[in-house]
Amino acid sequence: MKKLMNDPLAIVDEMIEGYAAAYGKYVKVLPQNKRAVVSASAPLPGKVGIVIGGGAGHEPAFMGLIGRGFADGVPVGNVFASPPPAPILEVTRAINGGAGVLYMYGNYAGDCMNFDMAAELAEMEGIRVATVLVTDDVASAPSAQAHRRRGIAGTFLVFKAAGAAAEKGYDLDGVIRVAQKTNASIRTMGVALSPCAVPQTGKPSFVLGEDEMELGLGIHGEPGIERASLRTADDVADALLKNIMDDMPLEAGTRVAVLVNGLGSTPYMELFLIYRRVAQQLAQVGVTVHRSFVGEYVTSLEMGGCSVSVLKLDDELAELVDAPADTPMYAQHG
């Protein structure tokens, strides 16, 4: 599996250096920690600070979402690994505008441990920190154990709503409420067609046969719920949407936002086929798609496949999803 790289052990640091050079209008790397990336305009006095993050390898998540209406800072971990507490704490200090800081990230053990350690250290410095875990992956645990579920592509929409709320001037308790409501209202299911290779190993993260796919596979290569023969795009879309709607029934008249997320090497042609079928199926049951997102938002290096996320909207969430945002990897103007 070929890659354009220099030293595999330096690939994350060099990526951050290149990103900051390309988008210096939006971001800066803190001199005290090269894994701490923050908004070029941070801190913003009186605004709730939004910190998102996780391992590298999911680009454009998470650095690509630093900007107006989204995140204020991102600590970056090694590939598919949590950032350590040090860059998390440095980001927290740098983006704290006095209104408190919200941490949001996928529900993974390493992230939980390291972000919690950073939160304790920040609290000792007088910075109020709260945390909302994203748990949108229906394949990773049954509904009765939803608190154990992983956070995958649905993190994008949770971050979007909470970031918009902070931008609108909600206080920390209000932003927490929005993040929790969004997380409770979103479900995601993915399918993998081919593996990725971590730069340090150069080996496939898992093995699939030429005619195989895996439903429910995680964004780090965690096992899914079914390995099966490759199906048509319509059949795959139906399977993903069925798992979502079995977990979160959608009644006629419901408004939703739909995200079809590519995992790194899936052509847009194929992503639009998946969206086409999802939109058809939702229309058949009387569900209205208020806003759609198709593209690469949370990837897994060069993994083949995609995921579908459905966010159930009320008036508040619809307004926040629609709110303007401006980041290097995502721009929306009303």
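See the structure above.
Residues numbered from 1 in each chain as written. Predicted model: local features only at pLDDT ≥ 70, side-chain atom pairs only at ≥ 80, totals over all residues. Heavy atoms only, no water.

Asker: Teacher, can you tell me more about the overall build of the chain here?
Answerer: Along the chain, the regular secondary structure elements total 8 helices and 15 strands. In terms of overall size, the chain behaves like a compact globule, its C-alpha atoms giving a radius of gyration of 19 Å where 334 residues would be expected to give roughly 20 Å. Here the C-alpha coordinates of the chain stretch approximately 50 × 50 × 35 Å along the principal axes. A burial count over the chain gives 57% of its 334 residues as buried. (Helix = DSSP H or I, 4+ residues; strand = E, 2+ residues; numbered from the N terminus. Rg over C-alpha atoms; globule rule 2.2 N^0.38 Å. Buried < 20%, exposed > 50% of the residue type's maximum accessible area, 1.4 Å probe, protein only.)

Asker: Would you mind going over the environment of Ala-61 with me for this structure?
Answerer: Its location among the elements puts Ala-61 in the loop between strand E4 (54–56) and strand E5 (73–79). Of the residues examined, Ala-61 reaches a relative accessible area of 2% and is grouped as buried. Between the C-alpha atom of Ala-61 and that of Gly-49, which follows or precedes it by 12 residues, the distance is 18 Å. Dropping the residues within four chain positions of it, Ala-61 is found in contact with Tyr-297 and Val-298. (Contact = heavy atoms within 4.5 Å.)

Asker: Help me out: how do you make sense of the packing of aromatic side chains in this one?
Answerer: Given two aromatic rings, their pairing is described by the distance between the two centres and the angle made by the two planes. In total, this model carries 12 aromatic pairs according to the counting rule given. Summarising the aromatic geometry, the rings of Phe-156 and Tyr-297 are spaced 4.6 Å apart at their centres and angled 50 degrees between planes, so their arrangement reads as tilted. Here Phe-156 is found in helix H4 (residues 155–167), whereas its partner Tyr-297 is found in the loop between strand E12 (288–295) and strand E13 (304–313), with 141 residues between them in sequence. Like Tyr-297, Phe-156 is buried. Arranged with centres 6.3 Å apart and planes meeting at 85 degrees, the rings of Phe-293 and Tyr-297 form a pair that is edge-to-face. By relative accessible area, Phe-293 is classed as buried at 3%. (Phe/Tyr/Trp six-rings, centres within 6.5 Å; stacked < 30°, edge-to-face > 60°.)

Asker: Can you help me understand the sheet that holds strand E9 (residues 212–215) in this one?
Answerer: Adjacent strands of a sheet form backbone hydrogen bonds with each other and so pair up, either parallel or antiparallel. Taken in spatial order, the 6 strands line up as E10-E9-E8-E13-E11-E12 in an open sheet, and their pairing is mixed. Unpaired on one side and paired on the other, strand E10 (226–229) and E12 mark the two borders of the sheet. For this sheet the average axis-to-axis angle between neighbouring strands, irrespective of direction, equals 15 degrees. The pairing of E9 with E10 spans 4 bridges and is antiparallel. (Pairing = 2+ DSSP bridges. Axes fitted to C-alpha atoms, helices over the stretch in contact; angles between N-to-C directions.)

Asker: What am I meant to see in the state of the cysteines here?
Answerer: Put plainly, a disulfide is one covalent bond tying together the sulfur atoms of two cysteines. Using the criterion set out here, one finds 0 disulfides in the structure. Here Cys-196 stays unpaired: no disulfide links it, and the sulfur of Cys-306, its closest cysteine neighbor, is 15 Å away. Given a relative accessible area of 5%, Cys-306 falls into the buried group. (Disulfide = S-S within 2.5 Å.)

Asker: Help me understand the environment of Cys-306 in this model?
Answerer: In this fold, Cys-306 is placed in strand E13. Sequence separation between Cys-306 and Gly-262 is 44 residues; the distance between their C-alpha atoms is 4.5 Å. What Cys-306 contacts, discounting residues up to four positions off in sequence, is Gly-190, Val-191, Asn-261, Gly-262, Leu-263, Leu-271 and Ile-274.

Asker: I tried to follow the nonpolar core on my own but got confused; where do I start?
Answerer: Ranked by internal contacts, the top residues of the largest apolar core, which has 67 residues, are Ile-50, Ile-52, Leu-102, Met-104, Phe-156 and Phe-293. Ranked by the residues each element gives to this core, the list is headed by H4, at 9 residues. In this structure, Val-191, Met-213, Leu-215 and Val-287 belong to the second largest nonpolar core, which totals 27 residues. (Core = buried A, V, L, I, M, F, W, Y, C linked by side-chain atoms within 4.5 Å.)

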